[in-house]
Amino acid sequence: MNHKYTCVIVDDEPMAREIIASYIEKTPNLQLVKSCKNASEAILFMQEQKADIYFLDINMPEISGLSLAKIIKNNAQIIFTTAYREFAIDGFDLNVVDYLLKPISFDRFLQAIHKIIPTNLSIENSDFMFVRSDRRMVKIDFKEILYIESLSDYVKIFTSEKMDITRETITSLEGKLSNKKFLRIHRSYIVSIDKITSYTNEFVEINNKALPISRSYKESVLQKLAEL
């Protein structure tokens, strides 16, 4: 039977705690034992129990994640989670396992876990992702995505019900999507293969909208579609 690594989340943002908790739940080698909304709750937990891995937000009121990490020190492995890139140097000075910049993808989460568990992990396939949109972390179900469009320094994600805007790059989002279900047809477009209603050598049609196939992607796109 595989060893379960017990985990504690410490973050003052409820959505951020939910995201990490969902990733832990999808990783069979991990077990969530406590989710804390501040460092004080975590300190009380540590007085009663031990855990193997702590996911610490850095910028928290009263007691910061950096201060809490100094209290935890050698008693557990620490992974920092924060929206502030400038804290990275301070974090690594404390010899933590990794520093995850929000919004955190499941793939990036697994990279950090692999530094603690150097064996192959049995991971369930993810069927959703979270993206930062309008100062919130928004859940996007892969099966609802129609297409993704990149415009300058932001990306639009179109689903059957809505449209969300995020500052993630289209290449970053492409890495989160299953290449069996999604297809990059242009520098600015990723489409859901299941949602394509027709196509030509020049465009694919989704939801009555024609999306262009660029010259550089044409050969791979047409080959992929011909195989379906």
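Please refer to the structure higher up on the page.
Reading the values: rules and limits
Residues numbered from 1 in each chain as written. Predicted model: local features only at pLDDT ≥ 70, side-chain atom pairs only at ≥ 80, totals over all residues. Heavy atoms only, no water. Buried < 20%, exposed > 50% of the residue type's maximum accessible area, 1.4 Å probe, protein only. Helix = DSSP H or I, 4+ residues; strand = E, 2+ residues; numbered from the N terminus. Arc of directions from axis to C-beta. Contact = heavy atoms within 4.5 Å. Pairing = 2+ DSSP bridges. Right-handed = clockwise from strand over helix to strand, strands pointing away. Phe/Tyr/Trp six-rings, centres within 6.5 Å; stacked < 30°, edge-to-face > 60°. Axes fitted to C-alpha atoms, helices over the stretch in contact; angles between N-to-C directions. Core = buried A, V, L, I, M, F, W, Y, C linked by side-chain atoms within 4.5 Å.

**Observations concerning helix H5 (residues 106-114)**
Point 1. Considered for burial, the residues of H5 that qualify are Phe106, Phe109, Leu110, Ala112 and Ile113. The buried residues of H5 occupy one face: seen down the axis, they fall within an arc of 155°.
Point 2. Buried positions along H5 lie against helix H1 (14-25), strand E2 (30-36), strand E3 (53-57), strand E4 (77-82) and strand E5 (98-101).

**Focus on the side chain of Asp57**
Point 1. By the secondary structure assignment, Asp57 is in strand E3.
Point 2. Excluding residues within four positions of it along the chain, Asp57 makes contact with Val10, Asp11, Asp12, Gly65, Thr81, Thr82 and Lys102.

**Quick notes on the environment of Lys50**
Point 1. Its location among the elements puts Lys50 in the loop between helix H2 (39-48) and E3.
Point 2. Those residues in contact with Lys50, other than ones at most four positions away along the chain, are Thr6 and Phe45.

**Overview of the environment of Ile148**
Point 1. Along the chain, Ile148 turns up in strand E8 (residues 145-151).
Point 2. A sequence separation of 26 residues divides Ile148 from Glu174, and the C-alpha atoms of the two residues are 9.3 Å apart.
Point 3. Apart from the residues lying within four places of it in its own chain, the contact partners of Ile148 are Val155, Lys156, Ile157, Ile170, Leu173, Leu177, Ser188, Tyr189 and Ile190.

**Brief notes about the pairing of strand E1 (residues 5-10)**
Point 1. The buried count for E1 comes to five of six residues, which makes it a mostly enclosed element.
Point 2. As paired strands, E1 and E2 are joined by six bridges and run parallel to one another. Across the sheet, the residue bridging to Cys7 is Leu32, located in E2.
Point 3. Each parallel crossover has a hand, and for E1 linked through H1 to E2 it is right-handed.

**Examining the pairing of strand E15 (residues 209-212)**
Point 1. Relative to E15, strand E14 (residues 203-206) is paired through four bridges, and the arrangement is antiparallel. Note that in E15 the partner of Glu205 across the bridge is Ala210.
Point 2. The hairpin turn running from E14 into E15, its antiparallel successor, is two residues long, and Asn207 in that turn takes a positive phi close to 55°.

**Considering the packing of aromatic side chains**
Point 1. This structure, assessed with the given rule, holds eight aromatic pairs.
Point 2. Between Phe55 and Phe109 the ring centres are 5.5 Å apart and the planes differ by 20°, which places this aromatic pair in the stacked class. Of this pair, Phe55 sits in strand E3 while Phe109 sits in helix H5, and the two are 54 residues apart along the sequence.
Point 3. Exposure remark for Phe55: the relative accessible area of 1% places this residue in the buried category.
Point 4. Following the ring pairs from residue to residue traces out a cluster consisting of Tyr23, Phe55, Phe106 and Phe109.

**Observations concerning the sheet that holds strand E12 (residues 189-192)**
Point 1. With respect to topology, five strands assemble into an open sheet ordered E10-E9-E8-E12-E11, the strand pairing being antiparallel. Where the open sheet ends on each side, the last strands, each with one partner, are strand E10 (163-166) and strand E11 (182-186). Ignoring which end each strand starts from, the neighbouring axes of this sheet average 20° apart.
Point 2. The sheet contact formed by E11 and E12 spans four bridges and is antiparallel. Directly across from His186, in E12, lies its bridge partner Tyr189.

**Re the nonpolar core**
One recurring pattern in soluble globular proteins is that nonpolar side chains are buried together.
Point 1. With 23 residues, the main nonpolar core has Ile24, Leu30, Ile53, Phe55, Ile79, Phe109 and Ile113 as its most contacted residues.
Point 2. Counting residues per element, the ones that place at least two in this core are E1, H1, E3, H5 and strand E6 (128-133).
Point 3. No other element matches the five residues that H5 contributes to this core.
Point 4. Apart from residues lying up to four places away in sequence, Ile79 is in contact with Ile53, Tyr54, Phe55, Leu56, Val97, Asp98, Leu100, Ala112, Ile113 and Ile116.
Point 5. Formed by 20 residues, the second largest nonpolar core is a distinct cluster that contains Val8, Tyr54, Leu56 and Met60.

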